[in-house]
Each structure stands twice: as structure tokens, then as C-alpha cells.
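Structure assessment
In case you want the letters, here they are:
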Amino acid sequence: MVKIALIGAGKMGLSHLSILGAHPDVKIAGVCDTSKIVVGVLERYSGYKCYSDYLKMVDETKPDAVFVSVPTKYHYSMVKELLKRNINVFTEKPFCLNPEESSELVALAKKAGVVNQVGYHNKFVGTFKEVKRLVASSAIGEITHFEGEAYGPVVIKKKSETWRSDPNEGGGCLMDYASHVIDLINDIISPIESCKSSILKSIYSKNVDDSVYALVGTKSGASGVISVNWSDETYRKMSTSVTIIGTEGKIESDANELKVYFKSDTLPEGYSKGWNVKYVTDLTDEVDFYLRGEEYSAQIDYFIKAVKREKENNINTFDSAWKTDTSISLIKNQSRI
């Protein structure tokens, strides 16, 4: 059994706790949150040992791994303390507020030799996994252009201040929403390492951006557009998609449906010339516990297997998350508005 402790019992923290609590190879060692109400409810109804001080929890319970599900501004200091204790760490996205902090944690994790992962769950979505496989096999030829998009109704009116509205806590559309798209492009094509221009626009928020539009370039030489808006109420929930155009075809995919067009007769197995459509249900492995989507359980199961040394730790590592933080910083620094 892998002993797991959780820091932060908010929305994502409770989601992780539910999946971890149902995992056959996991024992919950402790839960930490600063809310007395949350801690009181968990102690009364879950039976888990609860704390308000995460270092006290870690030192007392001595977990094999810790899940960090707190606002981004706390990631650097908390993860650093955990790495000093040689503890395996899963932390929520985005990794850190800036790439300098991320880079330091990457080095510390390598030195400690611990399993490390960041919660960019899209890499565990069946359609996006297939997109990556097709691009890696050059099935659509040389990439000439891409578009990464995400839209949803997160901020659709002026509202009271929360961590999402504070740039110093990791709030804003670029950090909290566009990071998913940027990380996906970095993984499928290659890291975004240049930004010609970007527009970060506030719609309802006072201090942070609600939409992001950027013209970017990748390490591989491909160029594309990032278009993200979390103030779009025409969507019921977050919708992430990628469009990739190559010399031999085109890919259009979101988390539910993958459409691929092939020009030539040289095709991957299971595809035909012209348009092809596949659905996430055709491309997704079953999970033991379903909550919000298979990808959430899949990423946790992958982390647990990596801790047990049953899988190699090479998906959503601190290193890849540092590259995403670097791309975010490039887009932010080139903002015109």
C-alpha cells in the first residue's frame, strides 16, 4: 500500500481524495486544510486523520507521497519542503507562478530521485493521446500550423474577489485556464519557445485577464495560435480543442471527438483516406473509479504505479510543467494590452 497525504481539501483536493480513497493500492495517511469547517466535516464523516499544519502532518504520518491541491502561490514553498524530505509529490497545475521557481523544484526533485507529477489531466484523455501518437508518427506529415483553444463559463459576471482574481495567487485565464492548452501543445508538437504577440484582455475581472490570444512558435519550428476565453457563457463547461495542419493531412480534436483527414494512401492502421472520426469512448481505457472523467483516475493511477516503480515517471513531470510555465511567461511578457 502507498501511504498518501493530501494538502488542500478544496474542489480538486476533494476530487483527488475521493479517487485516492477508492484506490486499492492507497492508504490515506492524513488530510490537511486551513478551513476548520472542512477539517471538522472530514474528521467526523471520513475517519481520516486531519491537520491544519501540513508539515506537522507530514512529519507525523511519514507518507510515501503527498498531493498538493492548493492555490499556485503556495506550490513552490510547500513542494520544496516536501522534496527536502525526499517525498514523492503530485501537485496541481499550473506548477509555479514563474519558471524560475519551477526550475529550482525540477533540480531538487532530480536530486532527491522522487516521483513527481503535475495535474495536467488532458494528457490522459483518449482523443488527445491519439492525436499525440498520430503527430509523433508523422501521419499528417510536417506540421505547418496549429491552433489550441479553450472556452468556458468560469467568470461570466463581476464577482467578489477570490484566488482566481488575484495574479499573485495564480489567478487569471492565462495561468489557470490557458495553461491546459499550452501544456497540451507543448506535449503533442513541441514546447512553445517564442511569442510574436499576445493580447491578455479583462472582460469582467479587475486585476486579471479573462481571455488570451497569442501568436506563438514552437521548438520544432511550427507556428500557431492560442485562443482561450473563460468568460464565454455559450459553453456549459470547459471545452479544450486542438487543430493541427500538416502537409499530408489535418487533425481536429477535443476531449470527446477526434477528426482526421489524410491526403495520401499511406495510412496508420485503422484509418482510411479522407476524413475519419473516432470518439473518446473508442480510445479510452476503463478505470476502476469514475469521477468527472476517466482522465482524473488515470492520472492518479499512473502516479501510484510510478511510486511503486511499476511505471516509468515520464508523463506530466516537473520538468515538462516547467516548460509550460516558461511558455506561459513568454506569452505574458509579450502582452500588448
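The shown structure was predicted, so the numbers you read here are calculated from the model rather than taken from an experiment.

1. Description of the overall build of the protein chain
Looking only at helices and strands, one finds ten helices and 14 strands in the protein chain. For a compact globule of 337 residues, the expected C-alpha radius of gyration is about 20 Å, and the protein chain comes in at 20 Å, within 12% of that figure. Based on the C-alpha atoms only, the size of the protein chain along its principal axes is roughly 60 × 45 × 40 Å. In the protein chain, of all internal contacts separated by at least 6 residues, the share reaching a separation of at least 24 is 69%.

2. Brief notes about the side chain of Ser-179
Examined against the element boundaries, Ser-179 turns out to sit in helix 7 (residues 173-188). Overall, Ser-179 belongs to the buried group, its relative accessible area being 0%. Residues contacting Ser-179, with those up to four places away along its chain left out, are Lys-93, Pro-94, Tyr-120, Leu-174, Thr-324 and Ile-328.

3. Some thoughts on the environment of Asp-25
Structurally, the position occupied by Asp-25 is in the loop between helix 1 (11-22) and strand 2 (26-32). Assessed through its relative accessible area of 26%, Asp-25 is described here as partly exposed. Distance from Asp-25 to Ile-304, taken between C-alpha atoms, is 7.8 Å for residues 279 residues apart in sequence. Excluding residues that lie within four positions of it along the chain, Asp-25 makes contacts with Met-1, Val-2, Ile-304 and Lys-308. Engagement of the side chain of Asp-25 in a polar contact is seen with the side chain of Lys-308, the distance being 3.3 Å.

4. Here's the deal with the pairing of strand 11 (residues 239-246)
With six of eight residues buried, strand 11 lies mostly within the body of the structure. Here strand 7 (residues 143-151) runs beside strand 11; their pairing, made up of eight bridges, is antiparallel. Residue pairing for strand 11: His-145 is matched across the bridge by Ile-245. Bridge count between strand 11 and strand 12 (residues 249-254): six bridges; the pairing is antiparallel. Each residue of the ladder has a partner; that of Val-242, found in strand 12, is Ser-253.

5. Side note on the sheet that holds strand 11
Strand order in the open sheet formed by eight strands is 8-9-10-7-11-12-13-14, with mixed pairing between adjacent strands. Whereas interior strands pair on both sides, the edge strands pair on one side only; in this sheet they are strand 8 (192-201) and strand 14 (274-279). Averaged over all pairs of adjacent strands, the angle between their axes in this sheet comes to 10 degrees, without regard to strand direction. Bridge count between strand 8 and strand 9 (residues 211-218): eight bridges; the pairing is antiparallel. The partner of Ser-194 across the bridge, within strand 9, is Gly-217. Strands strand 7, strand 11, strand 12, strand 13 (257-262) and strand 14 of the sheet are contacted by helix 6 (residues 126-136), whose axis makes an angle of about 160 degrees with strand 12. Across the sheet, helix 7 lies against strand 7, strand 8, strand 9, strand 10 (223-229) and strand 11, angled at about 150 degrees from strand 10, the strand it touches most.

6. Brief notes about the packing of aromatic side chains
Counting across every chain of the model gives nine aromatic pairs. Every member of this aromatic cluster is reached through a ring pair, and the members are Phe-67, Phe-90 and Phe-303. We note Lys-49 situated over the ring of Tyr-51; from NZ or CZ to the ring centre the distance is 5.7 Å. Across from the ring centre of Tyr-271, 4.7 Å away, lies the NZ or CZ of Lys-278, which sits over that ring.

7. Here we look at the nonpolar core
Val-228, Ile-244, Ile-251 and Ile-331 are the most contacted members of the largest nonpolar core, which totals 42 residues. Excluding residues that lie within four positions of it along the chain, Ile-331 makes contacts with Leu-174, Ile-182, Cys-195, Ser-198, Leu-200, Val-212, Ala-214 and Val-216. Counting 26 residues, the second-largest nonpolar core is a separate cluster that includes Tyr-54, Leu-105, Val-118 and Phe-318.

8. A few points about helix 7
Taking 1.5 Å per residue, 16 residues should reach 22 Å; helix 7 reaches 22 Å between its end C-alpha atoms and fits that length. The axis of helix 7 is deflected most strongly, by about 50 degrees, at Ser-179. Taking burial as the measure, the 16 residues of helix 7 include 15 buried ones, the bulk of the element.

Cut-offs used in this document
- Residues numbered from 1 in each chain as written.
- Predicted model: local features only at pLDDT ≥ 70, side-chain atom pairs only at ≥ 80, totals over all residues.
- Heavy atoms only, no water.
- Helix = DSSP H or I, 4+ residues; strand = E, 2+ residues; numbered from the N terminus.
- Rg over C-alpha atoms; globule rule 2.2 N^0.38 Å.
- Contact = heavy atoms within 4.5 Å.
- Buried < 20%, exposed > 50% of the residue type's maximum accessible area, 1.4 Å probe, protein only.
- Polar contact = N/O pair within 3.5 Å; in protein donor to acceptor, adjacent residues only side chain to side chain.
- Pairing = 2+ DSSP bridges.
- Axes fitted to C-alpha atoms, helices over the stretch in contact; angles between N-to-C directions.
- Phe/Tyr/Trp six-rings, centres within 6.5 Å; stacked < 30°, edge-to-face > 60°.
- Lys NZ or Arg CZ within 6 Å of the ring centre and 35° of its normal.
- Core = buried A, V, L, I, M, F, W, Y, C linked by side-chain atoms within 4.5 Å.
- Expected span 1.5 Å × (residues − 1).
- Bend = angle between axes of the 7 residues up to and from the residue.

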